[in-house]
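Structural description and commentary
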Amino acid sequence: MEGLFLPLLLMLVVAIPLIMGTRKQKRMMAQQQELQNSLAPGDRVMTTSGLYATVADTSDETTIDLEIADGVVTTWLRQAVREKINPVVDDESASDEEGDTSVAEESTVAEADEKETEAAKGPQVAPPLEHGKK
């Protein structure tokens, strides 16, 4: 009995991470499949290659049409869609719409001052990176 304990323990140590990894992978695949099936025209998405686009047509089961610029529609495999992008809400534009004009005027004056000082300095050039060279 004692001779079987060590091999059984070693098998458990190897088997448990494999089982947990497989479960996580299945869960991720199910989430990705759900995302690809839930896409609708007008959704903002990012592809696996990093391209941001708007969904134009989802009528085909295997492909999807993405609008990458005004009037430029390309066809992609559904699997190429990595994630759905939520539109970014700009907090400054929300406060400007509320009628807070004094803050808006101060910020535009400050921005103008910053642009003038940057223009006076000229272009900013970063020093070259010396990777491993001494």
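Refer to the structure printed above.
My aim in this report is to walk through the structure given alongside it, one point at a time. Just so you know, these numbers come straight off a predicted model, no measurement behind them.

Basis of the calculations
Residues numbered from 1 in each chain as written. Predicted model: local features only at pLDDT ≥ 70, side-chain atom pairs only at ≥ 80, totals over all residues. Heavy atoms only, no water. Helix = DSSP H or I, 4+ residues; strand = E, 2+ residues; numbered from the N terminus. Buried < 20%, exposed > 50% of the residue type's maximum accessible area, 1.4 Å probe, protein only. Contact = heavy atoms within 4.5 Å. Pairing = 2+ DSSP bridges. Axes fitted to C-alpha atoms, helices over the stretch in contact; angles between N-to-C directions. Patch = residues over 30% accessible without salt bridge, like charges linked within 9 Å, V, L, I, M, F, W, Y side chains within 5 Å. Areas by Shrake-Rupley, 256 points an atom, 1.4 Å probe, with all protein chains shown as cover. Salt bridge = Lys/Arg side-chain N within 4 Å of Asp/Glu carboxyl O. Lys, Arg positive; Asp, Glu negative; His and termini not counted. Core = buried A, V, L, I, M, F, W, Y, C linked by side-chain atoms within 4.5 Å.

1. Focus: the overall build of the protein chain
Within the protein chain, the secondary structure is distributed over 3 helices and 5 strands. Looking at the protein chain as a whole, 11% of its 134 residues qualify as buried. Within the protein chain, residue pairs in contact and separated by at least 24 positions form 36% of the contacts whose partners lie at least 6 positions apart.

2. Considerations on the sheet that holds strand S2 (residues 52-57)
Ordered in space as S4-S3-S2-S1-S5, the 5 strands form an open sheet in which the pairing is antiparallel. Here the strands that pair on one side only, and so sit at the sheet edges, are strand S4 (72-77) and strand S5 (81-85). Averaged over all pairs of adjacent strands, the angle between strand axes in this sheet comes to 45°, irrespective of strand direction. Strand direction decides the pairing type here: strand S1 (residues 44-47) and S2, joined by 3 bridges, are antiparallel. By the bridge assignment, methionine 46 is partnered in S2 with tyrosine 52.

3. Structural notes on a nonpolar patch on the surface
A surface patch of nonpolar side chains, about 720 Å² in accessible area, is lined by Phe5, Leu6, Leu9, Leu10, Val13, Val14 and Leu18. Within the secondary structure, leucine 10 is located in helix H1 (residues 2-37). On the basis of relative accessibility, which here comes to 52%, the residue leucine 10 falls in the exposed class.

4. Some points on the side chain of aspartate 65
On the secondary structure map, aspartate 65 appears in strand S3 (residues 63-69). Of the buried charged residues, aspartate 65 lacks a salt bridge, with arginine 78 as the closest side chain of opposite charge at 9.5 Å. The residues touching aspartate 65, leaving out its near neighbours within four places in the chain, are Thr54, Val55, Ala56, Asp57, Val73, Thr74 and Thr75.

5. Focus on the nonpolar core
Counting residues in hydrophobic clusters, the biggest one holds 8 residues: Leu35, Leu39, Val45, Ala53, Val55, Ile64, Leu66 and Val81. Counting only elements with at least two residues in this core, the list comes to S2 and S3. Discounting chain neighbours no more than four positions away, the residues touching leucine 66 are Val45, Thr47, Ala53, Thr54, Val55, Ala56, Val72, Val73, Thr74 and Trp76.

6. A word on the environment of threonine 58
Topologically, threonine 58 is positioned in the loop between S2 and S3. A sequence separation of 17 residues divides threonine 58 from proline 41, and the C-alpha atoms of the two residues are 6.7 Å apart. If we skip the residues at most four places from it in the chain, threonine 58 touches Leu39, Ala40, Pro41, Ile64 and Arg78.

7. A few points about the pairing of S3
In this structure, S2 lies alongside S3, joined through 3 bridges in antiparallel fashion. Directly across from valine 55, in S3, lies its bridge partner leucine 66. Between the antiparallel neighbours S2 and S3 lie 5 residues.

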